[in-house]
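Residue-level structural notes
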Amino acid sequence: MKYIKKLSEQDKKLSVSTISAFVPDEIYDIHAHPYHPSHFPAGEWAFLENAGILGCEEHRNALQRYMPAKKIHGLYFGMPRKTADRDAMNAWVSGEVRQNATALSRSLMVVSPGDGPVKVAEQLRSGVFCGLKVYHCYASRPDTMNASITEYAPEWMWEILHETKGIMMLHIVRDGAMDDADNQKEIRRLCRAYPRAKLILAHIARSFNYRNARNGLQAISDTDNVVVDTSAITEAASFEAAIKALGPKRMLWGSDFAVSEMRGRCITTGNHFFWLHPELIQKDYQPPTANDMTLIGIESLLSLREACEDEGLTKADVEDIFMNNALRVLKPHLPDQSITGAISGPDLWKQARTVISGGTGLLSKRAEMFDPQHWPAYFSRCRGCEVWDTAGKRYIDFAGGIGAVLLGYADEDVTAAVQRRLTAGTYCSLVDPQEVELADMLLQLHPWAGKVRYARGGGEAMAMAVRIARASTGKSGVAFCGYHGWHDWYLAANIDTTGALDGHLLPGLQPKGVPRELAGTSVPFQYNDRDSFEAATDALGDNFAAVVMEPMRSQFPRDNFLERIREKCRQKSAVFVVDEITSGLRYGFPGALSKTGVEPDMVVYAKAMSNGFPFAAVIGREQVMSGAEDSFISSSYWTDGVGTAAALAVLKKMQRFNVQQLVWEKGIKFQQALKEIAGRYPNCAIEIGGLPSSPTLNFQLAENAPAAKTLYIRKMLEKGFLVSSIFYLMYAHEEKHMAALLEALERALGGMEKVIADGTLAEEAGRDTAGTGFARLA
């Protein structure tokens, strides 16, 4: 292998045809090695023989041969070698960067455990270097490729980096690289012990074997001060694994100059990797086709581009990888004006309010429902029970997608099913056969039913169910309990009165836009209140078409309440419609009604049924569903294949792992812990209610309750949690997440207890406080 000074025609062609449209005009190379031959014994770096001195200018010139970037910044550090004159090498690199690099370029100090902390700390505190480059060759053992991290990056280095907010460039070793248990354990331990240090794992955590990336990178997804660089990786699968596990904001482009200027590539083979380069080819070999190799730097860029395209990254994502992420990592060591901050979540929400009616399509996601001043509002990625906002801050989410997700965000099984559908196509002139497979499965789970229909949202599915019930009975009156969407049939309850929905949706809701002719067609009743139910059906008289209700929300049915409703519907030939949009899969499997033994005429599912993808299902008795045949109920995207694929994957996983029962059981313990904590803070006047898989926390402070809710949400945000009045537990919530939440809640309420006692709650919360949200069978 040797340093290439002149590009081949193939190199030039690849540059023009593939790389030029991919690489931004300004880039930051986070992994560059200047080289001076005087720092090493003769012949130490055979591939650089006759290369001469390679400084910052040579670095830029070399890359610009095949990269269109007009400006190239760099993080520079010498080439680690046990035989190197490190003092001279470090001094030369720092001087070279000051004299010949761009103003934003910086340098790292190549260090050995034998250097001692005093000397290293002095260099970092003075600002000569912004961090350290460590390497396994300096470990005190003969087989340095098997060294643990602290053998060449001892704890004292981390302490200095923590103090100086410094960078560590780490090339991990051991056969498994990031898939090695010791490496995972040490990285997590050290990065959490020294959170002000920033760790760059070189070569996608040394994932020259892409399987190490696929299997190991997820272990550091929640370790926020770790990023990876792309240097010298020539496998697109390694980049794809990093994008999936860490997201594009934690990937930094690096060239590994001068390695980048050699010909060849690294390939995965079994559990190992192998470097291919022209010198391996026998001189007398006559290939049947051309076998010229391009530069490692070009191979890496081609692979990175392919991964970005395959994972659907945007131009902004690519700009992050090539420039912005480096600026964020190096922020403590750069001038303030060099970093253009992204618009904050609260500011973007204010902007959204000016261009999107209501700010967003779901009332429950509006920032005003949480903490109007500080709620992050927008996410860049989510996985499991973790959410990253647009600034890259990670939160543990107990708001559960406002109840729409039960398995966890980006669940791998659901995502795989959806990805298969996306790859094969999601919509065409023919019907997705998975519709039939899903229908068979749903009917097996509901043996009393005869047919199903699909929609793509809970509200429209409820409107469909009401239409079917009305078509089946020839009547229009609906007695309902709870919240069932935004459609006219439901809001008609508030025509001529603004109080009918007070205990079901929002107090004082105006039915604007709802035809007044619908007055009297929808009448509410209270849950577990027989007299209220009888009054509702009496008010409908001979026009009684259906009962629409949730089986349970924050309390269980009492005194055969559901059985009485079932019997009344039979007596009056009305349709009993059960809304399992929120309760389905969460309070029972397939729904909460399965715990009661009561069979409805129709049941409606959405939310958890598809775990974050648009989907809903209406399941009903044969004779009732025939009403759908006689009424026009049709929509193009009800036949889209994504929701169907997601729902099938969800149901299969729910059954395979008994998810509902597991979430319910951990919810019992969690809810009890909440009650114990609430009891220790009497000034907060907290009431813990709800069901185990969605416990509620409400402040019984009358007019001061909104301020208390706002301050509680804000304090939990500061501690890294997204919360509201309902804790929607997910399968992805582990014991460690719940324990961390309870610990943070204890601290938050401890502070609030004093604020309330001092009478400064309103002042602390601020003028804008959280909304109250839906009543929902409270």
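Description of the structure in this document.

**Details of the nonpolar core**
Ranked by size, the top nonpolar core spans 120 residues in total, and within it Leu48, Ile172, Ile187, Leu201, Leu217 and Phe322 carry the most contacts. Among residues more than four places away in sequence, those in contact with Leu201 are Leu170, Ile172, Met178, Ile187, Ile220, Val226, Val227, Val228 and Asp229. Among the nonpolar cores identified, the runner-up in size contains 106 residues, and Leu407, Val452, Tyr605 and Ile686 belong to it.

**Quick notes on helix 20 (residues 622–629)**
By the burial criterion, the buried members of helix 20 are Val624, Met625, Gly627 and Ala628. Looking straight down helix 20, one finds its buried side chains confined to an arc of 125 degrees; they lie on one side. Opposite the buried face of helix 20, by more than 90 degrees, sit the exposed residues Gln623 and Glu629. Buried residues along helix 20 sit in contact with strand 15 (451–455), helix 16 (458–473), strand 19 (575–579), strand 20 (602–605) and strand 21 (616–620).

**What about the sheet that holds strand 9 (residues 251–252)?**
What the 6 strands build is an open sheet, ordered 4-5-6-7-8-9; its pairing is parallel. Looking at the sheet topology across the chains shown, the edges are occupied by strand 4 (109–110) and strand 9. Of the pairings in the sheet, the one linking strand 7 (residues 198–201) to strand 8 (residues 226–229) comprises 3 bridges and is parallel in character. Its bridge partner lying in strand 8, Ile200 is registered against Val227.

**Some thoughts on the sheet that holds strand 13 (residues 386–389)**
Pairing between the strands of a sheet is mediated by backbone hydrogen bonds and can be parallel or antiparallel. Read from one edge of the open sheet, 4 strands run 12-13-14-24, paired in mixed fashion. At either margin of the open sheet sits one strand with a lone partner, and together these are strand 12 (379–383) and strand 24 (721–722). Sheet topology note: the strand 12/strand 13 ladder contains 4 bridges and is antiparallel. Among the inter-strand pairings, Cys382 is bridged to a residue of strand 13, identified as Val387.

**Regarding the pairing of strand 1 (residues 26–32)**
Burial runs high along strand 1: 6 of the 7 residues are buried. With respect to chirality, the unit in which strand 1 leads through helix 2 (residues 56–64) into the neighbouring parallel strand 2 (residues 71–76) is right-handed.

**Re the environment of Asp579**
Topologically, Asp579 is positioned in strand 19. By relative accessible area, Asp579 is classed as buried at 2%. In sequence terms Asp579 and Ala461 are 118 residues apart; their C-alpha atoms lie 9.5 Å from each other. The residues touching Asp579, leaving out its near neighbours within four places in the chain, are Met462, Tyr483, His484, Met549, Glu550, Pro551 and Val604. Among the polar contacts listed, one links the side chain of Asp579 to the side chain of His484, at a separation of 2.7 Å.

**Description of the pattern of salt bridges**
Tallied over the entire structure, the rule returns 44 salt bridges. The salt bridge involving Arg141 is made with Glu151; its shortest N-O contact spans 2.8 Å. With Arg141 in the loop between strand 5 (131–134) and helix 5 (149–152) and Glu151 in helix 5, the pair connects residues that are 10 residues apart, well separated along the chain. What makes Glu151 partly exposed here is its relative accessible area of 27%. Between Glu534 and Arg564 there is a salt bridge, with the nearest N and O atoms lying 2.6 Å from each other. Of this pair, Glu534 sits in helix 18 (residues 530–540) while Arg564 sits in helix 19 (residues 561–571), and the two are 30 residues apart along the sequence.

**Structural notes on the state of the cysteines**
One pass over the structure, following the stated rule, counts 0 disulfides. Not engaged in a disulfide, the cysteine Cys137 finds its nearest cysteine sulfur in Cys266; these two sulfurs lie 19 Å apart. A disulfide-free cysteine, Cys385 has its sulfur positioned 11 Å from the sulfur of Cys382, the nearest such atom.

**A few points about the pairing of strand 18 (residues 544–549)**
Counting buried residues in strand 18 gives 6 out of 6 residues, a clear majority hidden from the surface. The sheet contact formed by strand 16 (residues 477–481) and strand 18 spans 5 bridges and is parallel. Each bridged residue has a counterpart across the sheet, and for Cys481 the counterpart in strand 18 is Met549. Bridging between strand 18 and strand 19 involves 4 bridges; their strand directions are parallel. Opposite Val548, over in strand 19, you have Val577 as the bridge partner. Once the chain exits strand 18 it traverses helix 19 before rejoining the sheet at strand 19, and the crossover so formed is right-handed.

**Considering the side chain of Arg60**
With respect to the element layout, Arg60 can be found in helix 2. With near-sequence residues (within four places) excluded, Arg60 lies in contact with Ile72, Asn100, Ala101 and Thr102.

**Observations regarding helix 1 (residues 9–19)**
Among the residues of helix 1, those classed as buried are Asp11, Ser15 and Ile19. Burial along helix 1 is one-sided: seen end-on, the buried residues are contained in an arc of 40 degrees. Pointing more than 90 degrees away from the buried face of helix 1 are the exposed residues Glu9, Lys13 and Val16. Those residues of helix 1 hidden inside the fold are in contact with helix 11 (296–310).

Cut-offs applied
- Residues numbered from 1 in each chain as written.
- Predicted model: local features only at pLDDT ≥ 70, side-chain atom pairs only at ≥ 80, totals over all residues.
- Heavy atoms only, no water.
- Core = buried A, V, L, I, M, F, W, Y, C linked by side-chain atoms within 4.5 Å.
- Buried < 20%, exposed > 50% of the residue type's maximum accessible area, 1.4 Å probe, protein only.
- Contact = heavy atoms within 4.5 Å.
- Helix = DSSP H or I, 4+ residues; strand = E, 2+ residues; numbered from the N terminus.
- Arc of directions from axis to C-beta.
- Pairing = 2+ DSSP bridges.
- Right-handed = clockwise from strand over helix to strand, strands pointing away.
- Polar contact = N/O pair within 3.5 Å; in protein donor to acceptor, adjacent residues only side chain to side chain.
- Salt bridge = Lys/Arg side-chain N within 4 Å of Asp/Glu carboxyl O.
- Disulfide = S-S within 2.5 Å.

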